[in-house]
Amino acid sequence: MRTVLVIDDNPAVATALDLLFGLREIRVVTAQSPEQGLELLAREDVGLVLQDMNFSADTTSGQEGVALFRAIRARHPDLPIILLTAWTHLDTAVDLAKAGAADYLAKPWDDQKLLASVENLLELGASTREVSRLHEQRRKRHRDLEARFDLRGLVFGSEQLAAVIELAGQVARADVPVLITGPNGAGKEKIAEIVQANSAVKAGPFVTLNCGAMPTELIEAELFGADAGAYTGANKSREGKFEAADGGTLFLDEIGNLPPAGQMKLLRVLETGRFERLGSNRERQVSVRVISATNADLATMIRDGRFREDLYYRLNTIQIDIPPLAERRDDVLPLARHFLQANPLGAGKRLGEDAERALLGHAWPGNVRELRNTLQRAALLARGEVIGAADLGLPPASAGAGGNGAVEEPDRAAIEAALERSGGVLAQAASELGLSRQALYRRLDRLGIKRD
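Residues numbered from 1 in each chain as written. Predicted model: local features only at pLDDT ≥ 70, side-chain atom pairs only at ≥ 80, totals over all residues. Heavy atoms only, no water.

A few points about the overall build of the protein
Stage number 1. A tally of helices and strands in the protein yields 20 helices and 14 strands.
Stage number 2. In the protein, which comprises 452 residues, the share counted as buried stands at 46%.
Stage number 3. Of all intrachain contacts in the protein linking residues separated by at least 6 positions in sequence, the fraction that spans at least 24 positions is 68%.
Stage number 4. When the accessible surface of the protein is summed, it comes to about 22400 Å², and 50% of that surface belongs to carbon and sulfur atoms. (Helix = DSSP H or I, 4+ residues; strand = E, 2+ residues; numbered from the N terminus. Buried < 20%, exposed > 50% of the residue type's maximum accessible area, 1.4 Å probe, protein only. Contact = heavy atoms within 4.5 Å. Areas by Shrake-Rupley, 256 points an atom, 1.4 Å probe, with all protein chains shown as cover.)

Encoded structure:
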């Protein structure tokens, strides 16, 4: 039940307020001195305080009321307080309002005005306490995850990513393949690092291979190595990623781009731990934890005959799904502040309120990678200590979109800007735009943009 604490040395005041609030089903507890009021606050669940400004020891100055107000505020900073007095001093009212007093009413009060103020403040106070409770709950879970797992410096604030971290930390201890799914730039490699850092092979190497950034004809050589003469230009033997990762973890990003021959050999390694270098008949034995990642729909690729079903089930013993940044709004501002302070050019700078609104309203088709690039650019271009929305360089429509997560089709200007920022690296430009490389190729051809 909603409860109001009345602190007043006049019993008639408490009686009148008890009758008034009883009509609204508001419970009243009373205290006749500041000391008794503070004792009641310590043991009662109170939603609002109405306190007198003058007590029997000092009936006109209001100093006892000021001291009581400050004592309550120190112990309960979010508790709304309404001040009541028959001796109204405007300067005192202004000072306490600045210090956080919710309202200041003179005796005798207007019943309707007082009821309206109390109802509003009780509702607001309940909402504020619930928000504070949820924030504290999240902070507690964050501290708990940091205590239990090595998070590799991951910055997050959302419940969605906390659940991802919890799962990653749990499966890290089991020596089974892990498949991480999610859009480009969402942080799949960071989650793979967390799995490695909390596994039994955390002291071993962590080797990565982006299957989407290698020509098809070289992927097998990258994975399994090659003897001299195995292909044109192979002048000497080379070690593959599996050998380099022996005793540790191999992270295969964009696994959906692995060609059929590589898929077959990868399946054999997962089953037996054995493989052959290209151009060699000698089998090699390794012990490697494989973590793979993709932004592709592997189920569709299996139906289309582009990905082996048996390999999919080998890779997918445990699947970790990372939501796009548009669905993790509570991660946006913590990440933005982190990227800003991690940049030497951003030291001493902070985000303005308009910039924070723009960041929360943007759809982030390029996910965390796009957010990082945006803050790097803002740190470079902002002239003052406060970064405004204009410094972010976000499209106006997206900046005020209200965060519905819709991804707009990139136009020529957006594509050319992404290519310029990536130095012409198509894979990076595609990731920033939230596209696959093939989708970017099609748009380049359609718009007549040259591939340099």
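Remarks on a nonpolar patch on the surface
Stage number 1. A surface patch of nonpolar side chains, amounting to about 310 Å² of accessible area, comprises Leu-345, Leu-380 and Leu-381.
Stage number 2. Along the polypeptide, Leu-345 turns up in the loop between helix 13 (329–342) and strand 13 (350–351).
Stage number 3. For Leu-345, a relative accessible area of 47% translates into the label partly exposed. (Patch = residues over 30% accessible without salt bridge, like charges linked within 9 Å, V, L, I, M, F, W, Y side chains within 5 Å. Salt bridge = Lys/Arg side-chain N within 4 Å of Asp/Glu carboxyl O.)

A few points about unusual backbone geometry
Stage number 1. Even without a glycine there, the phi angle at Trp-364 is positive, about 50 degrees.
Stage number 2. Within the element layout of this structure, Trp-364 appears in the loop between helix 14 (353–361) and helix 15 (367–381).
Stage number 3. Given the relative accessible area of 1%, Trp-364 is considered buried.
Stage number 4. With a phi angle near 60 degrees, Asn-367 is a residue other than glycine that sits in the positive phi range.
Stage number 5. Turning to its location among the elements, Asn-367 is positioned in helix 15.
Stage number 6. Assessed through its relative accessible area of 2%, Asn-367 is described here as buried.

Considerations on the environment of Asn-210
Stage number 1. Note on placement: Asn-210 falls in strand 7 (residues 206–210).
Stage number 2. Linking Asn-210 and Phe-251, residues 41 residues apart in sequence, is a C-alpha distance of 8.3 Å.
Stage number 3. If we ignore the near neighbours within four places in the chain, the residues touching Asn-210 are Asp-253 and Glu-254.

Remarks on helix 15
Stage number 1. When the terminal C-alpha atoms of helix 15 are compared, their 21 Å separation across 15 residues agrees well with the 21 Å that a helix rising 1.5 Å per residue should span.
Stage number 2. Buried within helix 15 we find Asn-367, Val-368, Glu-370, Leu-371, Asn-373, Thr-374, Leu-375, Ala-378 and Ala-379. (Expected span 1.5 Å × (residues − 1).)

Description of the packing of aromatic side chains
Geometrically, a pair of aromatic rings is defined through the distance of the ring centres and the angle of the planes.
Stage number 1. For the structure on display, the rule yields five aromatic pairs.
Stage number 2. Judged by centre distance (6.0 Å) and plane angle (40 degrees), the rings of Phe-224 and Phe-275 are tilted. Of the two residues, Phe-224 sits in helix 8 (residues 216–224) while Phe-275 sits in strand 9 (residues 274–276), which places them 51 residues apart along the sequence.
Stage number 3. Aromatic side chains Tyr-312 and Tyr-313 sit 5.2 Å apart centroid to centroid with 70 degrees between the ring planes, which places their arrangement in the edge-to-face category.
Stage number 4. Residue Tyr-312 is classed as buried on the basis of its relative accessible area of 16%.
Stage number 5. The class for Tyr-313 is exposed, based on a relative accessible area of 53%.
Stage number 6. An aromatic cluster of at least three residues, connected via ring pairs, comprises Phe-224, Phe-242 and Phe-275. (Phe/Tyr/Trp six-rings, centres within 6.5 Å; stacked < 30°, edge-to-face > 60°.)

Things to note about the confidence of the model for the protein
Stage number 1. Per-chain confidence: the protein averages 85 in pLDDT, with 89% of residues scoring 70 or above.
Stage number 2. Low pLDDT (under 50) marks residues 397–407, which in the prediction has 17 contacts with non-local residues, meaning those over four places away or in another chain. (pLDDT = per-residue confidence, 0-100.)

Some details on the pairing of strand 4 (residues 81–85)
Stage number 1. A large share of strand 4 lies buried, amounting to five of its five residues.
Stage number 2. Residue alternation in strand 4 divides its side chains into two sets, Ile-81, Leu-83 and Thr-85 and Ile-82 and Leu-84, and both sets are buried.
Stage number 3. Sheet topology places strand 3 (residues 48–52) next to strand 4; four bridges connect them, and they run parallel. Among the inter-strand pairings, Val-49 is bridged to a residue of strand 4, identified as Ile-81.
Stage number 4. In this structure, strand 4 lies alongside strand 5 (residues 103–106), joined through four bridges in parallel fashion. (Pairing = 2+ DSSP bridges.)

With respect to the sheet that holds strand 6 (residues 178–181)
Stage number 1. Here we have five strands laid out as an open sheet, ordered 7-8-11-6-12, and parallel in their pairing. The open sheet has two edge strands, strand 7 and strand 12 (318–321), and neither has a second partner. Averaged over all pairs of adjacent strands, the angle between their axes in this sheet comes to 20 degrees, without regard to strand direction.
Stage number 2. For strand 7 and strand 8 (residues 249–253), the ladder comprises five bridges, and the chain directions are parallel. Within the sheet, the bridge partner assigned to Leu-209 lies in strand 8 and is Leu-252.
Stage number 3. Strands in contact with helix 6 (residues 159–172) are strand 6, strand 11 (289–294) and strand 12; relative to strand 12, the strand with the most contacts, it is inclined by about 160 degrees. (Axes fitted to C-alpha atoms, helices over the stretch in contact; angles between N-to-C directions.)

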